[in-house]
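For reference, the chains in residue letters:
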Amino acid sequence: IVSEEAHELDHDGALTARASAPEILHAWVLKNFESDAALRAAWCSPDRRAEILFELANRGARLSDVLRELEGVPEGIDMCDVLTSVAFGAEPRTRAWRAAQAHAQHGARFAHLPPEARAVLDLMLVRYEAHGPSEFVLPDALQVPPFDEREVGEYVEMFGGAAPLRAAVEELQRFVYEVDAPAG
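Residues numbered from 1 in each chain as written. Predicted model: local features only at pLDDT ≥ 70, side-chain atom pairs only at ≥ 80, totals over all residues. Heavy atoms only, no water.

Participant: Looking at this structure, I do not really get the overall build of the chain. What am I missing?
Facilitator: Each helix and strand counted, the chain has nine helices and two strands in total. When its helices and strands are written in sequence order, the chain yields β-β-α-α-α-α-α-α-α-α-α. The contacts of the chain with a sequence gap of at least 6 include a subset with a gap of at least 24, amounting to 60%. Carbon and sulfur atoms make up 52% of the accessible area of the chain, which totals about 10,000 Å². (Helix = DSSP H or I, 4+ residues; strand = E, 2+ residues; numbered from the N terminus. Contact = heavy atoms within 4.5 Å. Areas by Shrake-Rupley, 256 points an atom, 1.4 Å probe, with all protein chains shown as cover.)

Participant: Before we go on, may I ask you to explain the confidence of the model for the chain in this structure?
Facilitator: Detailed reading of the predicted coordinates is not advisable wherever pLDDT is low. Taken residue by residue, the chain gives an average pLDDT of 87. The fraction at 70 or more is 87%. Across residues 1–5, where pLDDT falls below 50, the model places eight contacts with residues more than four positions away in sequence or in other chains. (pLDDT = per-residue confidence, 0-100.)

Participant: Please clarify how the packing of aromatic side chains should be interpreted in this entry.
Facilitator: Per the stated rule, a full pass over the model turns up five aromatic pairs. Here the aromatic rings of Tyr-128 and Tyr-177 are separated by 6.3 Å at their centres, their planes lie at 80 degrees, and the arrangement is edge-to-face. You can see Tyr-128 sitting in helix 7 (residues 115–131) and its partner Tyr-177 sitting in helix 9 (residues 162–178), a full 49 residues away along the chain. Here the two residues Tyr-128 and Tyr-177 agree in accessibility, since each one is buried. The ring of Trp-43 has Arg-49 sitting right over it, with the charged end atom 5.9 Å from the ring centre. Positioned above the aromatic ring of Trp-97 is the side chain of Arg-93, whose terminal nitrogen or guanidinium carbon lies 4.1 Å from the ring centre. (Phe/Tyr/Trp six-rings, centres within 6.5 Å; stacked < 30°, edge-to-face > 60°. Buried < 20%, exposed > 50% of the residue type's maximum accessible area, 1.4 Å probe, protein only. Lys NZ or Arg CZ within 6 Å of the ring centre and 35° of its normal.)

Participant: Explain the nonpolar core to me, please; I cannot follow it from the model alone.
Facilitator: Nonpolar side chains in soluble globular proteins generally cluster together in the buried interior. Leu-25, Ile-52, Leu-83, Leu-121, Met-124 and Phe-159 are the most contacted members of the largest nonpolar core, which has 47 residues in total. Considering every element that reaches this core, the biggest residue donor is helix 9, with seven residues. Those residues in contact with Ile-52, other than ones at most four positions away along the chain, are Trp-28, Phe-33, Leu-39, Ala-42, Trp-43 and Leu-83. (Core = buried A, V, L, I, M, F, W, Y, C linked by side-chain atoms within 4.5 Å.)

Participant: Help me out: how do you make sense of helix 9 in this one?
Facilitator: For the α-helix, the turn length of 3.6 residues means that residues three or four positions removed from each other point alike. With 17 residues, helix 9 ought to run about 24 Å at 1.5 Å a step, and its terminal C-alpha atoms sit 24 Å apart, in line with that. Among the residues making up helix 9, those that are buried are Leu-165, Ala-168, Val-169, Glu-171, Leu-172, Gln-173, Phe-175, Val-176 and Tyr-177. Tucked into the core, helix 9 has its buried residues touching helix 2 (36–43), helix 3 (46–58), helix 5 (79–88), helix 6 (95–106), helix 7 and helix 8 (152–159). (Expected span 1.5 Å × (residues − 1).)

Participant: Whenever I open this one, unusual backbone geometry confuses me. Can you help?
Facilitator: Trans peptide bonds make up the majority, and among non-glycine residues the majority have a negative phi. With an omega of 0 degrees, the peptide bond between Leu-138 and Pro-139 qualifies as cis. For Pro-139, the position within the fold is in the loop between helix 7 and helix 8. For the bond running from Pro-145 to Pro-146, omega is -5 degrees, close enough to zero to count as cis. As for its placement among the helices and strands, Pro-146 is situated in the loop between helix 7 and helix 8.

Participant: Can you help me understand the side chain of Asp-65 in this one?
Facilitator: Within the element layout of this structure, Asp-65 appears in helix 4 (residues 63–69). With relative accessibility at 2%, the residue Asp-65 sits in the buried group. Looking at Asp-65, its side chain comes within polar contact range of the side chain of Arg-68, at 2.5 Å. (Polar contact = N/O pair within 3.5 Å; in protein donor to acceptor, adjacent residues only side chain to side chain.)

What follows is the structure, encoded as structure tokens:
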């Protein structure tokens, strides 16, 4: 497949326009989010992220199609940045950039945690950099290498309970997506 086109129908079911995947993405994101910050905030929730991807795919804008149709997309770009770049003209950031910025700007926020717990969060950032935001989904993220070397309960203990573990991972993910300033 070289390219795909999506067709829009009018109220009578007649074809009215053809739109590319990036055009569909652009229109849908602008209709549903007031800013790139609002989109990034929604993207932090795995459930909301899945809804966004589902809605876009249903409208003919699968991200794989969007990436294929766009030129100059950096290697390792976060899919959220594809959305914000196409819809809002935001500078696309790679996962490596986001992970480094989150660590540099917010690493001290987790200083109260035991060293083992901080190491878990650091490793989650490394896995995010390599694989994307699915690495923040609990408990799944703790059941893949190298986390699978321990039982999930051991990680819960490191953080002082399931709720603090979940809160730390959610906060880390927010830090990843709220960082927006250019690297200095």
